[in-house]
Amino acid sequence: MTYEQALQLLKEHNQTQLLRFYDGLDESGKGRLLSGIESIDWSFEEALCDGGAAAQKKDIRPIDGLKIADIDKKRAEFEEIGVKAIQEGKVAAVLLAGGMGTRLGVDGPKGCYNIGETRDLYIFEQQMDNLKEVVKKCGKTVPVYVMTSDKNHEETTSFWAKHDYFGYPESEIKFFKQDMAPAVDFDGKIYLERMDTPALSPNGNGGWFSSMVRAGLTADLHARGIEWLNIYAVDNVLQRIADPVFVGATIEAQVNCGAKVVCKNDPYEKVGVLCKDGEMPDIVEYYELTDEMANQKDASGDLAYCYGVILNYLFKLEKLEEIVDKKIPIHIVKKKIERVDENGIPSKPDTENGKKFETLAVDLIKLMESVLPFEVEREKEFAPIKNKTGVDSVESAKALLKKNGVKL
Ligand code: UTP
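These numbers come from a predicted model, not from an experiment.

**Student:** So what exactly am I meant to see when it comes to the overall build of the protein chain here?
**Tutor:** Of the regular secondary structure elements, the protein chain holds 14 helices and 18 strands. For 408 residues, the compact-globule formula gives about 22 Å, and the C-alpha radius of gyration of the protein chain, at 22 Å, lands near that figure. The dimensions of the protein chain, computed from C-alpha atoms along their principal axes, are 70 × 50 × 45 Å. The 408 residues of the protein chain split such that 52% are buried. Partitioning the intrachain contacts of the protein chain with sequence separation of at least 6 by distance along the chain shows that 76% fall at a separation of at least 24. Charge separation in the protein chain, taken as the distance between the mean sites of 54 positive and 69 negative side-chain charges, equals 3 Å.

**Student:** How should the site of the ligand be read in this particular structure?
**Tutor:** In the vicinity of the ligand there are 20 residues, among which Leu 96, Thr 102, Arg 103, Gln 178 and Lys 386 approach most closely. The backbone of Gly 99 places a nitrogen or oxygen atom 3.1 Å from an oxygen atom of the ligand. Within the backbone of Met 100, a nitrogen or oxygen atom sits 3.2 Å from an oxygen atom of the ligand. Alone, the ligand offers 560 Å² of accessible surface; in the complex the protein occludes 92% of this. Here the shell around the ligand is composed, by residue class, of 8 nonpolar, 8 polar and 4 charged.

**Student:** What exactly am I supposed to notice about the packing of helix 4 (residues 68-87) against helix 9 (residues 244-252) here?
**Tutor:** Relative orientation and spacing of two packed helices are given, respectively, by the angle between their axes and the distance between those axes. Where helix 4 meets helix 9, the axes come as close as 6 Å, and the angle between the chain directions of the two elements is 90 degrees. The angle between the axes of helix 4 and helix 9 places the two elements in the roughly perpendicular class. Of the residues in helix 9, those in contact with Ile 71, Lys 74, Arg 75, Glu 77, Phe 78, Glu 79, Ile 81, Gly 82, Val 83, Ala 85 and Ile 86 of helix 4 are Pro 244, Val 245, Val 247, Gly 248, Ala 249, Ile 251 and Glu 252. Class assignment of the residues belonging to the contact of helix 4 with helix 9 gives a composition of 11 nonpolar, 2 polar and 5 charged.

**Student:** Would you take a moment to explain helix 1 (residues 3-13) for this structure?
**Tutor:** For the α-helix, the turn length of 3.6 residues means that residues three or four positions removed from each other point alike. What helix 1 keeps buried is the set Ala 6, Leu 9, Leu 10 and His 13. Down the axis of helix 1, the buried side of the element spans an arc of 95 degrees, and every buried residue falls inside it. The outward face of helix 1, more than 90 degrees from its buried face, is lined by the exposed residues Glu 4, Lys 11 and Glu 12. In this fold, the buried residues of helix 1 make contact with helix 2 (27-38) and helix 3 (44-50). Where helix 1 terminates, the next one or two residues include Asn 14, which has phi positive at roughly 65 degrees.

**Student:** How should the side chain of Asp 196 be read in this particular structure?
**Tutor:** By the secondary structure assignment, Asp 196 is in the loop between strand 6 (192-194) and strand 7 (197-198). Residue class for Asp 196 comes out buried when judged on its relative accessible area of 12%. Apart from residues no more than four positions distant in its own chain, Asp 196 is found in contact with Leu 25, Gly 29, Arg 32 and Leu 33.

**Student:** What should I look at first to understand the pairing of strand 13 (residues 307-316) in this one?
**Tutor:** The side chains of a regular strand alternate, residue by residue, between the two faces of the sheet. In terms of burial, strand 13 is a largely internal element, 8 of the 10 residues being buried. Looking at chain direction, strand 9 (residues 228-233) and strand 13 are connected through 5 bridges and run antiparallel. Bridge pairing in strand 13 places Trp 228 opposite Lys 316. Taken together, the 6 bridges between strand 10 (residues 257-263) and strand 13 define a ladder with antiparallel strand orientation. Bridge pairing in strand 13 places Gly 258 opposite Leu 314.

What counts as what
- Residues numbered from 1 in each chain as written.
- Predicted model: local features only at pLDDT ≥ 70, side-chain atom pairs only at ≥ 80, totals over all residues.
- Heavy atoms only, no water.
- Helix = DSSP H or I, 4+ residues; strand = E, 2+ residues; numbered from the N terminus.
- Rg over C-alpha atoms; globule rule 2.2 N^0.38 Å.
- Buried < 20%, exposed > 50% of the residue type's maximum accessible area, 1.4 Å probe, protein only.
- Contact = heavy atoms within 4.5 Å.
- Lys, Arg positive; Asp, Glu negative; His and termini not counted.
- Charge placed at Lys NZ, Arg CZ, Asp CG, Glu CD.
- Near = heavy atom within 4 Å.
- Polar contact = N/O pair within 3.5 Å; in protein donor to acceptor, adjacent residues only side chain to side chain.
- Areas by Shrake-Rupley, 256 points an atom, 1.4 Å probe, with all protein chains shown as cover.
- Nonpolar A, V, L, I, M, F, W, Y, C, P; charged D, E, K, R; others polar.
- Axes fitted to C-alpha atoms, helices over the stretch in contact; angles between N-to-C directions.
- Parallel < 35°, antiparallel > 145°, perpendicular 65-115°, else oblique.
- Arc of directions from axis to C-beta.
- Pairing = 2+ DSSP bridges.

Following this line, the structure appears as structure tokens:
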């Protein structure tokens, strides 16, 4: 793209500020800036115009799921089905590790964070240790696909290589990159992260499957005979991946998706909960529930809207392929965005200074058409690391790991 073409494009989009340092750049900087501008995905503008409104929910109702007591009654049966599916090579794991972990605020990929105290123990390693237990039980390796982004791909792949893939066979691990979206100020102007680089950030975790498709990985999935993909977040260090009981329960329920959930602590806990919108499964956010709905009880006296999602889902590959081209909503999220000042000096702000555009994996649930909420024990399976201290932090996750007998 030439300077004139870039200028024309940016005039059309009202973003000419991206060229303000152009004249002072050397030739390679100029080239970098022009190709950065050329690669901008402008679909964020639609979200900016309509406020990123998610589809309107109309007819919210509670959804049936499996509580721990129900699971316990059929645990052996579910486990047998799940172990068989894993042994037949039908299950793969997909680690969502493309996020920037801004709340944790450490440099580098979140999975490289060392949570050890008397030894090194990285988040990636702890999760792989959990998966290795399943592999040992089933006598079959579960392939792992790791989603990264332009921001952390090199660091992530070299970290895994340096740590010998945490004792896992290298051939069973594949990395792929997700897409990026511009980051803008509160007036919708795209920031410059460097004088020659428009600010781009990972576009959320909702595009994980389309990114896998673009990376050409579906051929690999089919060649291996995979039918189910277990996606999970990098930040939960108690994550149980390819849990045979969960796999078995989802298969037995003949649904397109299983969702690990924890029952809400109290009616107003700030988590999204699984529900139905008409006959379709959906997620209702805590702020969308009326007081009456938040406190509604089911026939057994439990909260009717109780199934809080923890970003651990089992998706049927066949259904994912059917819906991959369907649009999902783009959410606008306020974040701290690194940008240059008027002198071209980059810095990280202390407070939120703009907006990013993200699609979310939860928005795939509705498209799946059927989902099984599968309750797990919070203290055994949910220790997210979002912040350094306080709620969902390094501190709280370490305490839970110790409670579960993990030596730190
Ligand atoms: P979060 O939204 O909690 O994590 O993502 P984040 O964006 O990394 O952290 P903050 O909000 O900036 O502090 C939950 C999971 O989804 C992945 C994350 O890596 C994490 O596993 N994710 C998030 C992606 O893979 N891509 C994204 O664009 C965003």
